[in-house]
Amino acid sequence: MSAIEIPFNKPYLTGKETAYIVEAVQSGKISGNGLFTQKCHRFFEEKYGFKKVLLTTSCTDALEMAAILANIQPGDEVIVPSYTFVSSALAFVRQGAKIVFADSYSDNPNIDATQIEALITSKTKAIVPVHYAGVACDMDLIMEVANRFNLLVIEDAAQAIDTYYKGQPLGTIGHLAAFSFHETKNIIAGEGGMLAINDERFLKRAETIWEKGTNRAEFFRGEINKYGWVDIGSSFLPSEIISAFLYAQLENMEDIQQKRTALWNYYHEKLSPLAAQGFIQLPSLPDYTTNNAHLFYLICHSINDRETLIKRLKENGILAVFHYLSLHSSPFYTAEHDGRLLSNSDYFSDCLVRLPLFYELTFRDIDKITALIEQIYSEYNHAQAVHHYH
Ligand SMILES: *Cc1c(COP(=O)(O)O)cnc(C)c1O
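Report on the accompanying structure.

Rules used throughout
Residues numbered from 1 in each chain as written. Predicted model: local features only at pLDDT ≥ 70, side-chain atom pairs only at ≥ 80, totals over all residues. Heavy atoms only, no water. Helix = DSSP H or I, 4+ residues; strand = E, 2+ residues; numbered from the N terminus. Rg over C-alpha atoms; globule rule 2.2 N^0.38 Å. Buried < 20%, exposed > 50% of the residue type's maximum accessible area, 1.4 Å probe, protein only. Lys, Arg positive; Asp, Glu negative; His and termini not counted. Charge placed at Lys NZ, Arg CZ, Asp CG, Glu CD. Salt bridge = Lys/Arg side-chain N within 4 Å of Asp/Glu carboxyl O. 1 Å grid on protein atoms, 1.4 Å probe; cavity = no way out; pocket = protein on both sides within 12 Å on 5 of 7 lines; lining within 4 Å. Points joined across faces, edges and corners; volume = space filled by probe spheres on them. Nonpolar A, V, L, I, M, F, W, Y, C, P; charged D, E, K, R; others polar. Domains from an automatic or database assignment. Contact = heavy atoms within 4.5 Å. Pairing = 2+ DSSP bridges. Phe/Tyr/Trp six-rings, centres within 6.5 Å; stacked < 30°, edge-to-face > 60°. Lys NZ or Arg CZ within 6 Å of the ring centre and 35° of its normal. Near = heavy atom within 4 Å. Polar contact = N/O pair within 3.5 Å; in protein donor to acceptor, adjacent residues only side chain to side chain. Areas by Shrake-Rupley, 256 points an atom, 1.4 Å probe, with all protein chains shown as cover.

Some points on the overall build of the protein chain
Looking only at helices and strands, the protein chain has twelve helices and eleven strands in total. What you see for the protein chain is a C-alpha radius of gyration of 22 Å, in line with the 21 Å of a compact globule of 390 residues. Taken along its principal axes, the extent of the C-alpha atoms in the protein chain is 85 × 55 × 35 Å. Per-residue burial over the protein chain gives 55% buried out of 390 residues. On the protein chain, the mean spot of the 33 positive side-chain charges and the mean spot of the 46 negative ones are 5 Å from each other.

Considering the pattern of salt bridges
Taken as a whole and assessed by the stated rule, the structure comprises 21 salt bridges. Of the charged contacts, one joins K52 and E207 as a salt bridge, the two residues approaching to 3.3 Å between their closest N and O atoms. Residue K52 is located in strand β1 (residues 52-56), and its partner E207 is located in helix α6 (residues 203-210); the two are separated by 155 residues in the primary sequence. For the pair K52 and E207, a shared accessibility class is recorded, and that class is buried. For the salt bridge of E315 with R312, the shortest nitrogen-to-oxygen distance reads 3.7 Å. Placement of both E315 and R312 in helix α10 (residues 303-315) is noted, with a separation of three residues, approximately one turn of the helix. Taken together, the shared-partner salt bridges in this structure form one network comprising K52, E207, R221 and E223.

Some remarks on the layout of surface pockets
When its volume is computed, the largest pocket comes out at roughly 500 Å³. If you go around the largest pocket, you meet 30 residues; those closest to its centre are Q159, H182, T184, K185 and Y324. Of all the secondary structure elements, the ones that give two or more residues to the lining of the largest pocket are α3 (59-69), α4 (87-93) and β11 (352-355). When residues in the lining of the largest pocket are grouped by element, the largest group, three residues, is from α3. For the lining of the largest pocket, a count of residues per class yields eleven nonpolar, 14 polar and five charged. Both domains that meet at the lining of the largest pocket, namely domain 1 (17-251) and domain 2 (253-389), each give it at least three residues. Each pocket or cavity is described by its volume, and for the second largest pocket that value is around 270 Å³. Lining the second largest pocket we find 16 residues, and of these N33, Q38, E207, A217 and R221 sit closest to its centre. Each residue belonging to the lining of the second largest pocket can be placed in one class, and the counts come to five nonpolar, four polar and seven charged.

A closer look at the environment of Y377
For Y377, the location among the structural elements is in helix α12 (residues 363-389). Not counting residues up to four positions away in its chain, the partners in contact with Y377 are L274, F279, I280, C300, D305 and L309.

Some thoughts on the pairing of β11
Side chains L352 and R354 project from β11 onto one buried face, and the interleaved V353 and L355 project onto a second face that is buried too. Where strand β10 (residues 296-299) and β11 come together, four bridges link them in antiparallel fashion. Of the residues in β11, the one forming a bridge with I299 is L352.

A word on the environment of Y164
Relative to the elements of secondary structure, Y164 occurs in strand β6 (residues 164-165). By relative accessible area, Y164 is classed as partly exposed at 24%. Each C-alpha atom of the pair Y164 and Y288 lies 8.2 Å from the other, and the pair is 124 residues apart in sequence. What Y164 contacts, discounting residues up to four positions off in sequence, is Y48, P169, L170, Y288, T289 and T290.

Some remarks on the packing of aromatic side chains
Applying the stated criterion across every chain, the model contains 24 aromatic pairs. Ring centres 6.3 Å apart and planes at 50° place the aromatic pair Y48 and Y164 in the tilted group. Separated by 116 residues along the polypeptide, Y48 in helix α2 (residues 35-48) and Y164 in strand β6 bring together distant segments of the chain. Measuring from centroid to centroid gives 4.8 Å for Y267 and F296, while their planes differ by 20°, and the two rings are stacked. Here Y267, found in helix α9 (residues 253-276), pairs with F296, found in strand β10; they are 29 residues apart in sequence, far enough to count as distant. These aromatic residues form a ring-pair network of at least three members: Y83, F85, Y132, Y297, Y324, Y347 and F348. The residue whose ring lies beneath K259 is Y359, and the NZ or CZ to ring-centre distance is 4.9 Å.

A look at the site of the ligand
Neighbouring the ligand are 15 residues; T60, D156, Q159, S180 and K185 lie closest to it. In the environment of the ligand, an oxygen atom lies 2.8 Å from a nitrogen or oxygen atom belonging to the backbone of C59. Contacts to the ligand include S180, whose side-chain N or O atom sits 2.7 Å from an oxygen atom. For the ligand, the protein covers 92% of the area, taking 390 Å² as the surface of the free molecule.

Encoded structure:
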């Protein structure tokens, strides 16, 4: 049909990326843990107060590092929301863990923190809150339960850069946290991620696992006089080319966040009348969270409503997309799941739709998108009314 005029996402370049990549290449040091990597580390540690961060090649990798650091063993249980990306569970499954899936709240896709305690057994090792859409999970409640049962909390903060929970940056609250710089996130490096280490017990081992199980980082700081193989690990660190790109983004982070927030707020304002009439539901943000404007979603009444909406937007050149399919009923894991119904997760799987949101989106684009959504619902409403009359 018609060509796509408004894509769902468009990676934003701040302008300095290629210059910094050239600088990295010309410096002669293009493997990992060089100048740009260290600049990125310093940026995050100073801005957010992480005890330590390590850039990784993806958030998935950072989660895998967290699973190793948490010493997850075959038979251990890890509590993960069902409404999330595969990696939140996969990183622990690779270590042999059994995933115990938790449901979402009814009005917010995040893990329902009030139901976590009931899922804890003697085998539980960790809880993985995922801050969906960059909206904070109820971290006080999660940390309280985790501390009482001596469990680790690993925040999947892939979408949550620059969000604050009661004044604390996300990713600084759990024992460990993983971020993503995939090109679909707010701050990008193509493929990239970061592990934040907040619990001192993990500081030294994290660096070793990052450097393929060697104490190479200590050696290069001159702390030891030879380096060797001391632990398990992998090649989790990105090259300087990736970190050079990322650093250009970090320098423009405030501008990026301001623009995304303005766009998010405009969507919200424009769609509020439809929500007030009960046609759609808009994101509900708990008082304890700020909004990093990672994504704008709305919730339809049914999977059929959503299909119609996505189809009609597409016919008009606008790409809107649904999101996760509940992990507890995914082909890879359905046989392992204990059969509990997770109806809120399924509800978001069926009814949630994400609208285009990226730096270069314009307010006029949003006018067009929201006017179309209003039109679709007024026609739909009319059709329903006629149907009822007969
Ligand atoms: C994007 C995302 C990931 C994976 O990030 P990568 O950097 O692509 O590995 C993991 N969890 C969540 C919640 C995500 O949104």
